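Each chain, written out:
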Amino acid sequence: MRLELSPEDAAFREEMRTFFTTRVPQEIRDTVAAGRELTKDQIVESQRTLNAAGLAVPGWPVEWGGQDWTPLQRHIWHEEMQRACVPLPLAFNASMVGPVIATFGSQEQKERFLPATANLDIWWSQGFSEPDAGSDLASLRTTAVRDGDEWVVNGQKTWTTLGQYGDWIFNLVRTDPDAPKRQQGISFLLIDMSTPGVTVRPIELIDGGHEVNEVFFEDVRVPAENLVGEENKGWDYAKFLLGNERVGVAPVGATKRMLAAAKAHAATAGPGGTSLLEDPLVAAQVAELENELLALELTALRVVAHSTDGKPHPASSVLKLKGTELQQAVSELVVDLAGPASLASGAGAGSDLPEWTRLATPTYLNLRKASIYGGSNEVQRQIIAGTILGL
Amino acid sequence: MDFTYDDEQEALRDAVRGLLGRAYGDFEQRRKTVASEPGFDESLWQRLAEMGVLGLPFAEEDGGMGAGPVEVALVSEELGRVLAPEPFLTSVVLAGGLVAAVGEPEQRAAVLPALAEGSLLPTFAHLEPGSRWSATATAVTATRDDDGDGWRLAGVKEPVPHGARADLLVVSAALPDGGTGLFLVETSAEGLTREGYATHDGGRAARVTFAGTAARPLGEPGTDRTAAIELTWDTARIAACHEALGAMSFALDTTTDYLKSRKQFGVTLNKFQALTFRAADLYVSLELARSVAAWATLVLLDGAESQVGEAAARASLQVSRAGRHIGQEAIQLHGGIGMTAEYSVGHYTSHLTALEHLLGDGRLHLARLAAGVGDHDEVDPLP
């Protein structure tokens with residue numbers, strides 16, 4: 001057993017830290033630090049900066065821009081990015097569709113899509129969830145029917161995050177409605193969102209923001225070559241993708257940063273500019289959250305250290321569950337620290353109240369999503385109970 | 001960063017697990033052992049000595065094995081797994097640890113080899129009525145004899161772990177000029193009274209009274225040992241976290257086995273999602289606690305002395321939360337049988353509670369950490 005990083009890993013960490021804090025535009029990092037919404041241009045600019053340095057898609061095969069890093073190095077890369085308030089590479093591109101195309105796509109698909117996906121020249125959206133197929137994804141109903149050299153797609157997707165920016169969407173579609181099991185007869189199809197018949201409609205959320213969308217497909221004609229891998233094998237690719245999604249799923253670095261910022265704000269948020277950290281109940285709550293975050297971070301390190309043999313560490317299921325709970329708990333603390341100032345969420349820049357207090361409640365409400373998406377925390381409990389405890 | 005045991009450590013763990021499994025694999029044997037005096041198995045203690053376990057943390061020149069916190073941690077976890085009542089934590093880690101830390105060479109030579117070979121059982125008499133977990137002593141006071149050479153103690157220590165069975169007491173006492181000193185007291189000394197009793201978890205403790213009892217200063221006479229007590233106490237807290245991990249791990253395994261086998265309403269309990277989800281949450285608590293305890297052990301191994309207190313507090317807080325969660329739910333998910341003395345799981349909950357109250361509960365450690373939240377930006381586990 002050993003506490004410190006090896007000299008190589010320590011040097012790697014320093015290298016990442018330096019890059020993220022000096023090469024990604026300060027204005028973008030300030031936006032993240034303040035908890036403001038990033039524009040599409042900022043997200044694109046940030047990812048292109050990373051991609052130019054080979055840091056956007058390190059998990060991909062080396063020939064398509066990946067890095068031959070150890071799991072620990074990938075962990076360090078991920079944590080340092082969050083620590084420096086650098087927006088993470090767009091997940092739909094970097095950790096979802098990219099690895100699927102790189103692993104299961106044709107050579108033509110790889111050449112056509114992967115460089116553009118890594119550089120965010122194409123903004124991908126995810127078309128998995130449907131109104132009646134959320135956590136129970138296998139019950140999806142959107143169909144694709146073969147007609148000559150084309151697929152004809154009909155149906156509806158929902159919860160399509162940032163779909164308003166999407167250039168392309170990767171979909172799970174039902175290509176064999178008569179398959180004996182629901183998981184069979186599903187295919188993985190890439191669709192250009194400018195194709196006639198594709199309609200994106202915003203869904204307004206409780207935080208007042210526009211983040212997710214419904215996507216409707218009405219007789220959308222998609223070239224046959226846009227099918228990834230084999231027809232009716234889409235479920236396998238989705239499982240592969242969702243497995244990737246769980247890597248780095250505990251937002252440890254971002255939550256630590258949020259808590260550190262909360263402490264800095266709390267230091268002057270008391271009556272007359274006094275420190276709320278002097279309140280023993282506040283101090284205890286902060287100390288408890290810091291300890292739980294430490295436990296989570298160390299668990300993530302244990303998982304990383306043990307996944308080198310290719311088999312996921314059982315404790316990895318803890319990460320999504322606890323990671324999102326803590327993320328939510330810290331956002332809740334921030335609302336409480338803001339107190340009455342948090343009511344001013346609709347005030348503009350002319351407000352006398354600090355920006356963080358005005359953003360506190362929308363952020364808290366927005367983060368309720370964290371325990372729902374990516375396999376709800378109830379699904380995670382089911383996985384732990386079934387797979388790990390054998391219940 | 002590396003959280004895995006090396007081959008030698010694995011071998012030690014397997015040997016200890018094997019020995020303890022033969023002794024206490026059947027819970028009935030443990031029940032019999034704690035029901036009779038001295039509350040642990042003297043022959044098993046000897047076998048642990050022969051295996052080198054009792055000398056693990058001490059230097060080879062002190063008759064020990066020259067091992068470190070990682071070895072102490074893995075032995076502690078195995079002891080916790082079977083709820084072994086042997087006084088490894090209190091006699092080896094605490095009492096032996098203090099002698100190793102501050103004893104003169106001849107004191108170390110008199111105590112540590114004998115402790116390592118199982119012929120001398122010391123204990124640390126520190127807790128006092130009304131003191132909670134303070135590192136200082138007030139209820140027992142030390143005075144210098146008129147001739148200036150000898151020292152005498154007066155007052156009460158309670159509860160003293162294994163205080164009635166112990167062969168030698170390491171006693172903390174308020175010094176005449178302020179501060180807390182450490183003393184060695186022979187159990188045959190005049191003016192020493194010991195009244196032993198069982199604790200709720202089957203352990204043993206005693207009320208120990210000093211009435212002008214002769215005592216020898218441990219290390220340089222008249223020196224304030226508060227810092228050494230705190231450091232050794234924190235070292236013991238980290239070992240206790242691992243003992244608790246072993247106990248929690250067993251309690252969770254037993255509970256999941258029960259959920260798979262016990263039938264109610266015509267089906268096994270694991271058909272009820274309300275129960276399996278709670279078991280999943282217990283696993284989350286256990287793994288998080290395991291991560292922090294392992295980290296604290298590495299801080300003890302490699303980190304600066306000044307970092308040990310915080311690491312011990314962090315591990316203790318996490319283990320306190322997990323211990324209560326797992327201990328309480330293990331009984332609840334078992335239903336009535338979890339309440340019975342015959343069945344093991346309630347005893348695990350009892351011992352988890354005892355460990356916490358021997359060394360400092362979650363509230364104490366949370367208060368330690370809360371006092372320092374303004375001193376740092378983020379908590380970084382990497383040095």
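Residues numbered from 1 in each chain as written. Chains lettered and ligands numbered in written order. Predicted model: local features only at pLDDT ≥ 70, side-chain atom pairs only at ≥ 80, totals over all residues. Heavy atoms only, no water.

Sorry if this is basic, but what is going on with the overall build of chain A here?
Helices and strands together make up the secondary structure of chain A, namely twelve helices and eight strands. A globule of 391 residues ought to have a C-alpha radius of gyration of about 21 Å, and chain A, at 22 Å, matches this closely. In terms of its C-alpha atoms, chain A occupies a principal-axis envelope of roughly 75 × 50 × 45 Å. When contacts within chain A are restricted to residue pairs at least 6 apart in sequence, long-range pairs at least 24 apart make up 69% of them. Approximately 16800 Å² of chain A is accessible, and the part contributed by carbon and sulfur atoms is 52%. (Helix = DSSP H or I, 4+ residues; strand = E, 2+ residues; numbered from the N terminus. Rg over C-alpha atoms; globule rule 2.2 N^0.38 Å. Contact = heavy atoms within 4.5 Å. Areas by Shrake-Rupley, 256 points an atom, 1.4 Å probe, with all protein chains shown as cover.)

Would you mind showing me how to read the UniProt feature "domain: Acyl-CoA dehydrogenase/oxidase C-terminal" (unreviewed entry) in chain B here?
Per the UniProt entry, the sites bearing "domain: Acyl-CoA dehydrogenase/oxidase C-terminal" (unreviewed entry) are residues 234–372 of chain B in this numbering. From the first C-alpha to the last, residues 234–372 of chain B spans 17 Å; its make-up is 81% helix and 3% strand. (UniProt positions renumbered as here; feature names shortened; annotations may be inferred.)

Teacher, can you tell me more about helix α9 (residues 280–306) of chain A here?
Residue pairs spaced three or four apart in an α-helix point in one direction, given the helix's 3.6 residues per turn. All names here are of chain A. Here α9 spans 39 Å end to end across 27 residues, near enough to the 39 Å set by a 1.5 Å rise per residue. The buried count for α9 comes to 21 of 27 residues, which makes it a mostly enclosed element. With a side-chain oxygen positioned 2.8 Å from the backbone nitrogen of L281, the residue opening α9 is D279. (Expected span 1.5 Å × (residues − 1). Buried < 20%, exposed > 50% of the residue type's maximum accessible area, 1.4 Å probe, protein only. Polar contact = N/O pair within 3.5 Å; in protein donor to acceptor, adjacent residues only side chain to side chain.)

Quick question: what am I supposed to make of the UniProt feature "domain: Acyl-CoA dehydrogenase/oxidase N-terminal" (unreviewed entry) in chain B here?
Using the residue numbers shown here, the UniProt feature "domain: Acyl-CoA dehydrogenase/oxidase N-terminal" (unreviewed entry) corresponds to residues 7–118 of chain B. Between the C-alpha atoms that bound residues 7–118 of chain B there is a distance of 26 Å. The span itself is 68% helix and 0% strand.

Quick question: what am I supposed to make of helix α7 (residues 226–261) of chain B here?
A rise of 1.5 Å per residue sets the reference length of α7 of chain B, with its 36 residues, at 52 Å; its end C-alpha atoms lie 51 Å apart and thus fit the reference within 8%. In terms of residue burial, α7 of chain B counts as a mostly covered element, since 27 of its 36 residues are buried.

What exactly am I supposed to notice about the UniProt feature "domain: Acyl-CoA dehydrogenase/oxidase N-terminal" (unreviewed entry) in chain A here?
When the UniProt feature table is mapped onto this chain numbering, "domain: Acyl-CoA dehydrogenase/oxidase N-terminal" (unreviewed entry) sits at residues 6–119 of chain A. Summarising residues 6–119 of chain A: 68% helix, 0% strand, and an end-to-end C-alpha distance of 32 Å.

I would appreciate a short explanation of the domain arrangement of chain A in the present structure.
Frequently, the measure chosen for interface size is the accessible area removed from exposure when the parts meet. All names here are of chain A. Assigned domains of chain A: these are domain 1 (7–89), domain 2 (124–230) and domain 3 (249–389). Summarising the inter-unit geometry, the C-alpha centres of domain 2 and domain 3 are found 32 Å apart. Every contact between the two is made by four residues of domain 2 and, on the other side, six residues of domain 3. A buried area of about 450 Å², summed over both sides, lies between domain 2 and domain 3, and 50% of it is on carbon and sulfur atoms. The tally of links between domain 2 and domain 3 comes to one salt bridge. We note a salt bridge from E211 to K369, for which the minimum N-O separation is 2.9 Å. The interface formed by domain 2 and domain 3 holds three residue pairs in polar contact (both at pLDDT 80 or more) in total. Split by residue class, the side of domain 2 that touches domain 3 holds one nonpolar, one polar and two charged. (Domains from an automatic or database assignment. Buried area = accessible area lost by both parts, 1.4 Å probe. Salt bridge = Lys/Arg side-chain N within 4 Å of Asp/Glu carboxyl O. Nonpolar A, V, L, I, M, F, W, Y, C, P; charged D, E, K, R; others polar.)

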